[in-house]
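Now for the letters of each chain:
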Number of protein chains: 2
Amino acid sequence: MDTTEYDIALHLSDSDRPGRYSGAFGDGWRIGNAINGGVVMAVAAAAIQRRLVADGIEHHRDPVAFSGYFLTASEPGPLTATTEVLRSGRTLTTGQVSLTQSGPRGEAVERMRALMSLGTLIADTGPLRQPDPPPMPGPDGCVASTDAPPSLLSSSSLLERLDLRLDPACVGWAVGRPTGQGEMRAWLRMADGREPDPTMLLLALDGLPPVAFDIGIPGWAPTLEFTAHVHARPARGWLQLQVTNHVLAGSMMEEDARVWDSTGALVAQSRQLCGVRVPPGWSPTA
Amino acid sequence: MDTTEYDIALHLSDSDRPGRYSGAFGDGWRIGNAINGGVVMAVAAAAIQRRLVADGIEHHRDPVAFSGYFLTASEPGPLTATTEVLRSGRTLTTGQVSLTQSGPRGEAVERMRALMSLGTLIADTGPLRQPDPPPMPGPDGCVASTDAPPSLLSSSSLLERLDLRLDPACVGWAVGRPTGQGEMRAWLRMADGREPDPTMLLLALDGLPPVAFDIGIPGWAPTLEFTAHVHARPARGWLQLQVTNHVLAGSMMEEDARVWDSTGALVAQSRQLCGVRVPPGWSPTA
């Protein structure tokens with residue numbers, strides 16, 4: 001099973017305590033020195049899914065709602081996921097997971113605490129009501145992330161895992177000309193061809209560069225809180241992403257992400273609150 | 001201090017265990033037979049705030065992000081709030097709270113589990129970038145909730161706590177003529193004149209009738225997950241609310257809520273996932 005890069009990243013082993021699992025963040029999922037938050041969330045979801053299998057409630061296997069609070073930056077290396085089942089009902093099971101890594105003196109340092117509801121998403125049934133995907137060029141008419149500046153590619157190994165194609169209308173920030181609109185659009189698939197599933201959508205929702213770049217705010221935008229809703233099982237093929245910003249207040253801003261599958265069904269949505277450093281003299285109409 | 005209806009609702013007492021508090025949901029905060037989710041969230045936030053005072057980190061007093069997973073319906077009567085501090089940093093402290101009530105055999109039944117980050121919001125500093133409030137009549141040109149059908153008023157005591165004025169363009173559902181747009185707009189303040197504060201915004205964000213009514217889906221829409229972001233301390237006076245729906249998938253839909261204060265500053269936003277029963281033959285263009 002664990003033959004794709006994504007499946008290897010999500011691999012967990014039982015520990016000496018029920019409901020607690022061991023895994024590792026691979027060096028290949030870094031953005032700068034930290035592990036990408038999308039991978040952290042997917043691993044957390046995998047831990048709860050493994051717990052539900054152990055508890056005999058594996059029919060609730062799909063993430064429906066996921067809320068992660070990021071406490072410290074995850075690093076390449078071993079991790080421990082401790083799960084708790086809060087309630088299991090007819091259509092949903094809700095659980096909690098705490099992801100920790102060892103600190104410098106061997107103490108457990110919590111990376112993320114998350115709550116998650118799981119259910120059973122039905123294949124090939126898109127939403128009854130949804131926003132349409134935005135007009136944009138197809139993947140071949142977009143800018144591949146492999147064309148990013150070498151300095152960015154070398155510092156962020158995550159980009160080797162993803163085949164990311166950015167709408168050329170949204171990449172002006174890369175040459176110092178952000179549009180000021182606060183929007184990024186892209187196509188995404190795994191570089192090794194692994195097809196999407198509901199849990200992978202957690203990774204996809206956090207797969208684009210910070211939308212802050214498009215309103216002229218450079219630098220790292222660490223996620224404080226990230227909530228995703230998964231609405232349907234994605235079809236095979238490319239995922240289409242749109243990330244927008246509507247609110248920036250003080251040193252925090254929101255990123256709203258939407259993912260459509262290759263049939264145009266809106267399969268997932270998210271909103272995150274992230275920290276930013278607004279440059280001196282910045283103006284919203286930059 | 002606890003002289004307003006809102007402050008009485010949020011009153012908590014220490015228990016025999018540090019970090020665990022006792023309170024009660026009053027009968028006056030019901031929607032049907034259940035306690036309104038907004039009050040449940042405000043009480044949960046108050047419990048973490050009390051914990052941070054006890055821990056000497058009361059400078060992080062304002063909710064910045066709050067995610068609640070609703071497990072069972074809260075009822076009028078005693079409650080217990082058990083808190084945990086996950087991490088306290090320079091600008092934010094993140095905690096967890098579990099709200100329980102006694103079940104029929106005296107066992108603890110969990111009502112809601114929540115994660116929350118608190119910081120220090122600055123007064124009179126609205127967002128640097130935000131959507132403007134929607135055009136709508138002022139409070140005196142809107143429909144007061146006291147004009148709601150007597151059957152609704154008698155079953156939902158919450159409506160007596162709130163002075164709620166609905167935009168007449170969004171109340172067609174009350175007479176069987178939903179607009180199909182999936183939007184509600186309203187003005188809100190506490191009926192007894194208690195001025196808004198950051199924690200009260202959690203209540204305000206969940207204070208309107210289900211937006212499902214406006215797309216022709218009647219009935220109770222129980223919240224599964226609710227995440228709020230608070231961006232600024234609200235000014236005195238009316239709060240202006242807009243609630244929209246963009247996604248309905250299977251038996252779940254989203255409600256996006258925004259709250260502006262009397263100066264037009266966007267002070268809070270939320271998204272919730274709630275359960276709905278789509279009527280047979282329902283169409284999204286109803």
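Rules used in this analysis
Residues numbered from 1 in each chain as written. Chains lettered and ligands numbered in written order. Predicted model: local features only at pLDDT ≥ 70, side-chain atom pairs only at ≥ 80, totals over all residues. Helix = DSSP H or I, 4+ residues; strand = E, 2+ residues; numbered from the N terminus. Rg over C-alpha atoms; globule rule 2.2 N^0.38 Å. Buried ≥ 20, exposed ≤ 12 C-beta atoms within 10 Å, placed from the backbone. Contact = placed C-beta atoms within 7 Å. Nonpolar A, V, L, I, M, F, W, Y, C, P; charged D, E, K, R; others polar. Core = buried A, V, L, I, M, F, W, Y, C linked by C-beta atoms within 7 Å. Pairing = 2+ DSSP bridges. Least-squares fit on C-alpha atoms with pLDDT ≥ 70 in both. Domains from an automatic or database assignment. pLDDT = per-residue confidence, 0-100.

Q: Lay out the overall build of chain A in plain terms, naming residues and giving numbers.
A: Looking only at helices and strands, chain A features 5 helices and 16 strands. In terms of overall size, chain A behaves like a compact globule, its C-alpha atoms giving a radius of gyration of 18 Å where 286 residues would be expected to give roughly 19 Å. Overall, the C-alpha framework of chain A stretches about 55 × 50 × 35 Å when taken along its three principal axes. Out of the 286 residues in chain A, the part that is buried amounts to 54%.

Q: Please give an account of helix H2 (residues 37-54) of chain A that cites residues and values.
A: Taking burial as the measure, the 18 residues of H2 of chain A include 16 buried ones, the bulk of the element. Of the residues trailing H2 of chain A, glycine 56 of chain A is marked for its positive phi of about 75°.

Q: Help me get a handle on the interface of chain B and chain A, residues and values and all.
A: Taken together, the contact pairs 38 residues of chain B with 38 residues of chain A. Broken down by secondary-structure element, the contributors of at least two residues to the side of chain B that touches chain A are strand S5 (62-70), strand S6 (77-88), strand S7 (93-102), strand S8 (108-119), strand S12 (223-230), strand S14 (248-249) and strand S16 (266-275) of chain B. Here the side of chain B that touches chain A is composed, by residue class, of 19 nonpolar, 12 polar and 7 charged.

Q: Which residues make up the nonpolar core, and what are the values?
A: Of all hydrophobic cores here, the largest spans 173 residues; its most connected members are Val43 and Ala44 of chain A together with Val43 and Ala44 of chain B. Alanine 44 of chain B has contacts with Gly68, Ala81, Val97, Leu99, Met112 and Ala114 of chain B, leaving out every residue within four places of it along the chain.

Q: Break down the pairing of strand S10 (residues 162-166) of chain A for me, citing the residues and quoting the values.
A: Residue and element names in this part refer to chain A. Burial within S10 is extensive, with 4 of its 5 residues counted as buried. Both strand S9 (residues 143-144) and S10 contribute to a ladder of 2 bridges, which runs antiparallel. Residue pairing for S10: valine 143 is matched across the bridge by leucine 166. As paired strands, S10 and strand S11 (residues 183-190) are joined by 5 bridges and run antiparallel to one another. From the neighbouring strand, leucine 166 faces S11, where its bridge partner is alanine 186.

Q: Please set out the relation of the copies chain B and chain A residue by residue, giving values where relevant.
A: Mapping chain B onto chain A calls for a rotation angle of 180° and an axial translation of 0.0 Å; the resulting RMSD is 0.0 Å. Read as a symmetry element, the transformation amounts to a two-fold axis. When the interface residues of chain B are mapped onto chain A, 100% of them are again interface residues, pointing to one common binding face.

Q: If you had to explain the domain arrangement of chain A to someone new, which residues and values would you point to?
A: All names here are of chain A. Considered domain by domain, chain A is made up of domain 1 (5-119) and domain 2 (139-275). Placing the centre of domain 1 and that of domain 2 at their C-alpha centroids yields a distance of 22 Å. Taken together, the 25 residues of domain 1 in the interface contact 27 residues of domain 2. Broken down by secondary-structure element, the contributors of at least two residues to the side of domain 1 that touches domain 2 are helix H1 (5-9), strand S3 (30-31), H2 and strand S5 (62-70). Across the side of domain 1 that touches domain 2, the residue classes break down as 14 nonpolar, 7 polar and 4 charged.

Q: Run through the environment of alanine 191 of chain A, naming residues and quoting values.
A: All names here are of chain A. Along the chain, alanine 191 falls in the loop between S11 and helix H5 (200-205). In this structure the C-alpha to C-alpha distance between alanine 191 and proline 222, which are 31 residues apart in sequence, comes to 25 Å. Residues within four places of alanine 191 in sequence aside, it is in contact with Glu160, Arg161, Leu162 and Asp163.

Q: Break down the pairing of strand S8 (residues 108-119) of chain A for me, citing the residues and quoting the values.
A: Residues and elements named next belong to chain A. In terms of burial, S8 is largely enclosed, as 9 of its 12 residues are buried. Judged from the 10 bridges that link them, strand S7 (residues 93-102) and S8 form a sheet pairing that is antiparallel. Bridging across to S8, serine 102 finds its partner in alanine 108.

Q: Got a sec to walk through the environment of phenylalanine 226 of chain B? Specific residues and values, please.
A: Residue and element names in this part refer to chain B. One can find phenylalanine 226 in strand S12. A residue is classified by how many C-beta atoms lie within 10 Å of it, and phenylalanine 226, with 29 of them, is buried. Sequence-wise, phenylalanine 226 and arginine 271 are 45 residues apart; in three dimensions their C-alpha atoms are separated by 6.0 Å.

Q: Tell me what's going on with the confidence of the model for chain A, and back it up with residues and numbers.
A: With 98% of its residues at a pLDDT of 70 or more, chain A shows a mean pLDDT of 94. Model confidence for the complex is summarised by a pTM of 0.97, with the ipTM given as 0.96.

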